[in-house]
Amino acid sequence: MDIFEQLREKAKEEIKTVSSSKELNDLKVKYVGKSGEITALLRGMKDIPAEERSSFGKKVNDLKDEVSTIFDEKENVLKENELNEKYKREAIDITLPGKCPEVGNLHPLNLVKNQIIDAFMGMGFNIFEGPEIDTDYYCFQALNIPKDHPARDMQDTFYFTDNILLRPHTSPGQVRTMENNKPPIKILSPGRVYRADDDASHSPMFHQIEGLVIDKNVSLCDLKGLLDEFVRIMFDRETKTRFRPSYFPFTEPSVEVDVTCCKCHGKGCNLCKGTGWIEILGAGIVNKNVLEMSGIDSNVYSGLAFGLGIERIAMIKYGISDIRTLFENNVKFLKQFNRR
Ligand code: DAH
């Protein structure tokens, strides 16, 4: 064997034993690199007789090409193997269940508030939101509750000064609307209200929605029809209302409104304490004094008003026995209202 064949065979054998790209690269340098064994042959050219030099040179270059090709082929094989190894190592089990993103839901009070608003919006009401800090005039006097009126006791209240307080109800919304709008008026005034009360069914901060309709010939029949439709939307189509005579300084006559119990449908159960009825709101025909004080001519117009507690409706609707659970923000409790 001549030197060319020897080198070729040696290179082939060594290439066979290589198992990584790194080793292969080192070996490549050893043979065809700048100071590699095959490249070294070219440096010996000066000792070759002149007439053999060109054929010797050609042989060296042919060998170099041939060996380089073997290196390239081996490199392709190694690269493919290494890639397959990598795929195996990094394989993802796509049959594993994915992580489901947790989606929040509305707080039950917002849920119920939206349902109430939807029900009345469908009957043509607009929304007016008044301030949470208000004056004695709007909270009481303009609602026919003068200073020292005993009805103020019902709403034991948080005062900042003698004249400025956290509103104890959303009824001031009626006054502000009448002062700034001409009849016909149909508004709903939702918001937070505050009273010095705290037990299983009362919270010092809670939510109300006030309703007001002012037009010609508005009567108690309109109030009954309106509330009948509201409770049918809010609870179920079979729900009925009942008016009981009551007293509010801002309405005359005044009523308290009961609905047939949504749990037993009037038969009597623990929710309705055996009566078949549950009180849901206060209402009445707007007192003429209230209309006049806010600039509405009570000889031409009359009005109906109602005020309901959102917590109370939510508690009845969802069978919640303690109002405080609505404010503790226990996620286990709140998740039950996820309706998806
Ligand atoms: N403002 C009353 C309360 O907080 C609720 C109320 C009763 C509002 C009768 C009204 C109404 O508009 O007509 O207890």
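Model, not experiment: these values are computed from the prediction. (Residues numbered from 1 in each chain as written. Predicted model: local features only at pLDDT ≥ 70, side-chain atom pairs only at ≥ 80, totals over all residues. Heavy atoms only, no water.)

1. Digging into the overall build of the protein
Right, so step 1: What the protein contains, in helices and strands, is 11 helices and 9 strands.
Right, so step 2: Seen through its C-alpha atoms, the protein measures out along the principal axes to roughly 135 × 45 × 35 Å.
Right, so step 3: Burial analysis of the protein (340 residues in total) assigns 42% to the buried set.
Right, so step 4: Put simply, of all contacts in the protein between residues at least 6 apart along the chain, 64% involve residues at least 24 apart.
Right, so step 5: Here the protein carries 47 positive and 52 negative side-chain charges, and the mean point of each set is 2 Å from the other. (Helix = DSSP H or I, 4+ residues; strand = E, 2+ residues; numbered from the N terminus. Buried < 20%, exposed > 50% of the residue type's maximum accessible area, 1.4 Å probe, protein only. Contact = heavy atoms within 4.5 Å. Lys, Arg positive; Asp, Glu negative; His and termini not counted. Charge placed at Lys NZ, Arg CZ, Asp CG, Glu CD.)

2. Quick look at the pattern of salt bridges
Right, so step 1: The final tally for this structure, using the stated rule, is 22 salt bridges.
Right, so step 2: In this structure, Arg 192 engages Glu 132 in a salt bridge whose closest nitrogen and oxygen atoms are separated by 3.4 Å. Of this pair, Arg 192 sits in strand S4 (residues 185-194) while Glu 132 sits in the loop between strand S1 (126-127) and strand S2 (133-135), placing them 60 residues apart in sequence.
Right, so step 3: The exposure class of Arg 192 is partly exposed, given its relative accessible area of 37%. (Salt bridge = Lys/Arg side-chain N within 4 Å of Asp/Glu carboxyl O.)

3. Focus on the pairing of strand S8 (residues 277-286)
Right, so step 1: Of all 10 residues making up S8, 8 are buried, and the element is well covered by its neighbours.
Right, so step 2: Two strands pair when backbone bridges link them, and strand S7 (residues 251-260) and S8 are joined in this way by 8 bridges, in the antiparallel orientation. Bridge assignment links Thr 260 to a residue of S8, and that residue is Trp 277.
Right, so step 3: As defined by bridge partners, S8 adjoins strand S9 (residues 302-309) across 5 bridges and the pair is classed as antiparallel. Each bridged residue has a counterpart across the sheet, and for Ala 283 the counterpart in S9 is Phe 306. (Pairing = 2+ DSSP bridges.)

4. Regarding the packing of helix H1 (residues 3-17) against helix H4 (residues 50-89)
Angle between the axes and distance between the axes: these two values describe a pair of packed helices.
Right, so step 1: The interhelical angle for the contact between H1 and H4, taken along N-to-C directions, is 10°, at an axis separation of 11 Å. On the basis of their axis angle, the class for H1 and H4 is roughly parallel. On H4, the residues that touch Phe 4, Leu 7, Arg 8, Ala 11, Lys 12, Ile 15 and Lys 16 of H1 are Phe 56, Lys 59, Val 60, Leu 63, Glu 66, Val 67, Ile 70, Phe 71 and Lys 74. (Axes fitted to C-alpha atoms, helices over the stretch in contact; angles between N-to-C directions. Parallel < 35°, antiparallel > 145°, perpendicular 65-115°, else oblique.)

5. Notes on helix H7 (residues 172-180)
Right, so step 1: Within H7, 7 of the 9 residues are buried, leaving the element largely enclosed by the surrounding structure.
Right, so step 2: Listed in full, the buried residues belonging to H7 are Pro 172, Gly 173, Gln 174, Val 175, Arg 176, Thr 177 and Met 178.
Right, so step 3: Here the buried face of H7 lies against S2, helix H6 (136-139), S4, strand S5 (205-215), helix H9 (288-293) and S9.

6. A short note on the site of the ligand
Right, so step 1: Near the ligand you find 16 residues, and of these His 169, Ser 171, Arg 195, Gln 208 and Glu 210 are the closest.
Right, so step 2: Between a nitrogen atom of the ligand and a side-chain N or O atom of Ser 171, the distance comes to 2.9 Å.
Right, so step 3: When the ligand is considered free in solution it has 350 Å² of accessible area, and contact with the protein chains removes 91% of it.
Right, so step 4: Taken together, the elements giving at least two residues each to the shell around the ligand come down to S5, S8 and S9. (Near = heavy atom within 4 Å. Polar contact = N/O pair within 3.5 Å; in protein donor to acceptor, adjacent residues only side chain to side chain. Areas by Shrake-Rupley, 256 points an atom, 1.4 Å probe, with all protein chains shown as cover.)

7. Remarks on the nonpolar core
Right, so step 1: Formed by 46 residues in total, the largest nonpolar core has its most connected members in Ile 116, Phe 120, Phe 230 and Phe 306.
Right, so step 2: Contributing elements (two or more residues each) for this core: helix H5 (108-121), S5, helix H8 (220-234), S7, S8, S9, helix H10 (310-318) and helix H11 (331-335).
Right, so step 3: Take this core: its biggest share by element is 7 residues, from H5.
Right, so step 4: Sequence-distant contacts of Phe 120, that is, excluding residues within four places in its chain, are made with Phe 125, Leu 188, Leu 226, Phe 230 and Phe 306.
Right, so step 5: One finds Leu 165, Val 175, Ile 214 and Leu 291 within the second-largest nonpolar core, a separate group that totals 21 residues. (Core = buried A, V, L, I, M, F, W, Y, C linked by side-chain atoms within 4.5 Å.)

8. Here we look at H10
Right, so step 1: Ile 310, Glu 311, Ile 313, Ala 314, Met 315 and Ile 316 are the residues of H10 that are buried.
Right, so step 2: Against the buried residues of H10 lie H5, S5, H8, S8 and S9.
Right, so step 3: After H10 finishes, the residue Gly 319 shows a positive phi value of roughly 65°.

9. Looking at the sheet that holds S4
Right, so step 1: If you trace the 7 strands from one edge of the open sheet to the other, you get S1-S4-S5-S9-S8-S7-S6, paired in mixed fashion. Single-partner strands in this sheet number two, and they are S1 and strand S6 (241-248).
Right, so step 2: The pairing of S6 with S7 spans 7 bridges and is antiparallel. Bridge pairing links Ser 246 to Ser 254 in S7.
Right, so step 3: Where H8 meets the sheet, its contacts fall on S6, S7, S8 and S9, and the angle it forms with S6 comes to roughly 125°.

10. Some thoughts on the side chain of His 107
Right, so step 1: For His 107, the location among the structural elements is in the loop between H4 and H5.
Right, so step 2: For His 107, a relative accessible area of 19% gives the class buried.
Right, so step 3: The contact partners of His 107, leaving out residues within four places of it in the chain, are Leu 326, Asn 329 and Leu 334.

11. Details of the environment of Ile 214
Right, so step 1: With respect to the helices and strands, the residue Ile 214 is situated in strand S5.
Right, so step 2: If near-sequence neighbours (up to four positions away) are discounted, Ile 214 is found in contact with Met 178, Pro 183, Pro 184, Ile 185, Val 286, Leu 291, Ile 296, Tyr 301, Ser 302 and Gly 303.

12. Quick notes on the environment of Lys 12
Right, so step 1: Note that Lys 12 resides in helix H1.
Right, so step 2: The spatial distance from the C-alpha of Lys 12 to the C-alpha of Phe 71 is 8.8 Å, given a sequence separation of 59 residues.

Taken by themselves, the reported measurements are silent on function.
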